[in-house]
Amino acid sequence: MKLIAKLAVATVAMAAITSANASTITIQTGFSGAGPQASAEAYRSVVDAAVAIPGAGYGSTTVSSYDNVSNGSLFGGSNSNIAFKSTIVFGVQAGQTGNWSFRGGVDFGGGGAVFLDGQAVDFRSNDMWWAGNYGNASQFFQFGANISAGNHTLTVYGLEGCCDGGQQFQFNSGSGFQSFNSSTLTPVPEPETYGMMLAGLGLLGIISRRKVQAKIA
C-alpha cells in the first residue's frame with residue numbers, strides 16, 4: 001500500500017510538471033457542405049456543429065507543428081466538404097509581451113474566421129487558397145494583437161468544398177514569422193498546477209522522511 005501511495009503521489013507531481021512542457025495544437029475536421037457564412041460567429045457555429053460528430057474520413061488529433069496540415073494527411077479521408085477547426089493553446093512569458101503579428105495560409109473555399117481568446121480577429125467569406133504564397137492578402141488570414149503575459153488560445157475555423165490543400169499558421173513576436181509548434185511558446189502553468197506540483201512533492205518528502213525514521217527506529 002505504501003508503494004502504491006508513493007507512486008500515486010509521484011504521478012500527480014509529474015503530471016503537474018509535464019502539463020506545462022509544450023503548447024498544444026489540436027486539429028478537428030468533420031463533414032460540411034456549407035458555403036460562405038455572413039459572420040465570424042456563423043463560421044464558428046457551423047464548424048463546431050460539424051466537428052462534434054466527425055464521421056468516417058474525418059477526425060480529431062494533435063500535431064507537433066502547424067505546417068502543411070490537411071484533412072487527407074491527418075486522417076486519410078475526404079478532400080472535399082470539410083469543416084476545419086484548429087485550436088492552438090500557447091503561453092507568453094513576461095519578456096515576450098507586446099505587439100505581435102499573425103498570419104495563416106489556408107485552403108478554405110468557403111471562407112473562414114479566426115478567434116483570439118474568444119474574440120473574432122479576422123473573417124473572410126471569399127474563396128481562400130494561399131498556395132504556399134503570402135503575396136495576395138485576400139487569400140490568407142492576417143492580423144495584429146497586443147499580447148500580454150499568460151496563456152492564450154487561437155482558434156481557426158474554415159469550410160472547404162474542394163480540394164483540401166496544405167495549411168499553416170504563423171506568429172511573429174519580433175523575430176520574424178515562424179509556424180506554431182509544440183516546442184515554442186510553452187503554456188504558463190496555472191496557479192492550481194503549481195499547487196498540485198508542490199503538494200505532490202511535499203507528500204513525497206513526507207513519505208521519504210517517514211521511511212528514514214522507520215529505518216532508524
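Up top is the structure these notes are about.
What you see is a predicted model, and the numbers here were worked out from it, not measured in a lab. (Residues numbered from 1 in each chain as written. Predicted model: local features only at pLDDT ≥ 70, side-chain atom pairs only at ≥ 80, totals over all residues. Heavy atoms only, no water.)

J.: Before we move on, can you summarise the nonpolar core with the specific residues and values?
T.: Considering soluble globular proteins, one finds that nonpolar side chains tend to be buried as a cluster. Formed by 28 residues in total, the largest nonpolar core has its most connected members in Tyr-66, Phe-90, Phe-102, Leu-154, Phe-169 and Phe-180. Sorting the residues of this core by element identifies strand 1 (24-31), strand 4 (80-92), strand 5 (98-105), strand 7 (112-116), strand 10 (140-147), strand 11 (150-162) and strand 12 (167-172) as the ones contributing at least two each. In contact with Phe-90, other than residues within four places in its own chain, are Ser-23, Trp-100, Phe-102, Leu-116, Gly-150, Asn-151, His-152, Leu-154, Phe-180, Leu-185 and Pro-187. (Core = buried A, V, L, I, M, F, W, Y, C linked by side-chain atoms within 4.5 Å. Buried < 20%, exposed > 50% of the residue type's maximum accessible area, 1.4 Å probe, protein only. Helix = DSSP H or I, 4+ residues; strand = E, 2+ residues; numbered from the N terminus. Contact = heavy atoms within 4.5 Å.)

J.: Give a description of the pattern of salt bridges that names residues and reports values.
T.: On inspection of all chains with the given rule, the structure shows 2 salt bridges. Between Asp-48 and Lys-85 there is a salt bridge whose closest N-O contact spans 3.0 Å. On the criterion of sequence distance, the pair formed by Asp-48 in helix 2 (residues 40-51) and Lys-85 in strand 4 is long-range, its members being 37 residues apart. Taking relative accessible area as the criterion, Lys-85 reaches 16% and is therefore assigned buried. The residue Arg-124 makes a salt bridge to Asp-122 at a minimum N-O spacing of 3.2 Å. (Salt bridge = Lys/Arg side-chain N within 4 Å of Asp/Glu carboxyl O.)

J.: Can you lay out the side chain of Asn-71 for me, pointing to particular residues and giving the numbers?
T.: Considering the arrangement of structural elements, one finds Asn-71 in helix 3 (residues 71-75). Each residue touching Asn-71, except ones within four places of it in the same chain, is listed here: Thr-29, Gly-57, Tyr-58, Gly-76, Gly-77, Ser-78, Ile-82, Phe-84 and Asp-164.

J.: Account for the packing of aromatic side chains, with residues named and values stated.
T.: For the coordinates displayed, the defined rule picks out 14 aromatic pairs. For the pair Phe-84 and Phe-108, a centre-to-centre distance of 5.7 Å together with 35° between the ring planes defines the contact as tilted. With Phe-84 in strand 4 and Phe-108 in strand 6 (residues 107-108), this residue pair connects regions lying 24 residues apart in the sequence. Of the two residues examined, Phe-84 and Phe-108, each falls in the buried class. Three or more aromatic residues joined by ring pairs form one cluster here, namely Phe-90, Trp-100, Phe-102, Phe-143, Phe-171 and Phe-180. In this arrangement the basic side chain of Arg-103 is found over the ring face of Tyr-134, its NZ or CZ atom lying 3.9 Å from the centre. The ring of Phe-177 has Arg-103 sitting right over it, with the charged end atom 4.0 Å from the ring centre. (Phe/Tyr/Trp six-rings, centres within 6.5 Å; stacked < 30°, edge-to-face > 60°. Lys NZ or Arg CZ within 6 Å of the ring centre and 35° of its normal.)

J.: Can you explain the pairing of strand 8 (residues 119-124)? Please cite residues and give values.
T.: Walk down a regular strand and you will see the side chains alternate between the two sheet faces. Inspection of the sheet shows strand 7 paired to strand 8 by 5 bridges, in the antiparallel sense. When the bridges of strand 8 are listed, Val-114 appears paired with Asp-122. Adjacent in sequence and paired antiparallel, strand 7 and strand 8 are bridged by 2 residues, among which Asp-117 carries a positive phi angle near 50°. (Pairing = 2+ DSSP bridges.)

J.: Before we move on, could you go through the environment of Ile-27 and cite the residues and values that matter?
T.: Within the secondary structure, Ile-27 sits in strand 1. Owing to a relative accessible area of 0%, Ile-27 belongs among the buried residues under this scheme. Ile-27 sits 42 residues away from Val-69 along the chain, and the two C-alpha atoms are 8.7 Å apart. Those residues in contact with Ile-27 that lie beyond four places of it in its chain are Gly-59, Ser-60, Thr-61, Val-63, Tyr-66, Val-69, Leu-74, Phe-75, Lys-85 and Ser-86.

J.: Account for the state of the cysteines, naming residues and giving values.
T.: Inspection of every chain in the model, using the stated rule, returns 1 disulfide. Across a sulfur-sulfur distance of 1.7 Å, Cys-162 and Cys-163 are joined as a disulfide pair. Since a negative S-S torsion denotes a left-handed disulfide, the Cys-162-Cys-163 link at about 60° is right-handed. Looking at Cys-162, the relative accessible area reads 47%, which means it is partly exposed. (Disulfide = S-S within 2.5 Å.)

J.: Can you explain the environment of Pro-189? Please cite residues and give values.
T.: Assignment of secondary structure puts Pro-189 in the loop between strand 13 (178-179) and helix 4 (191-216). Between the C-alpha atoms of Pro-189 and Gly-91, which are 98 residues apart in sequence, the distance is 8.7 Å.

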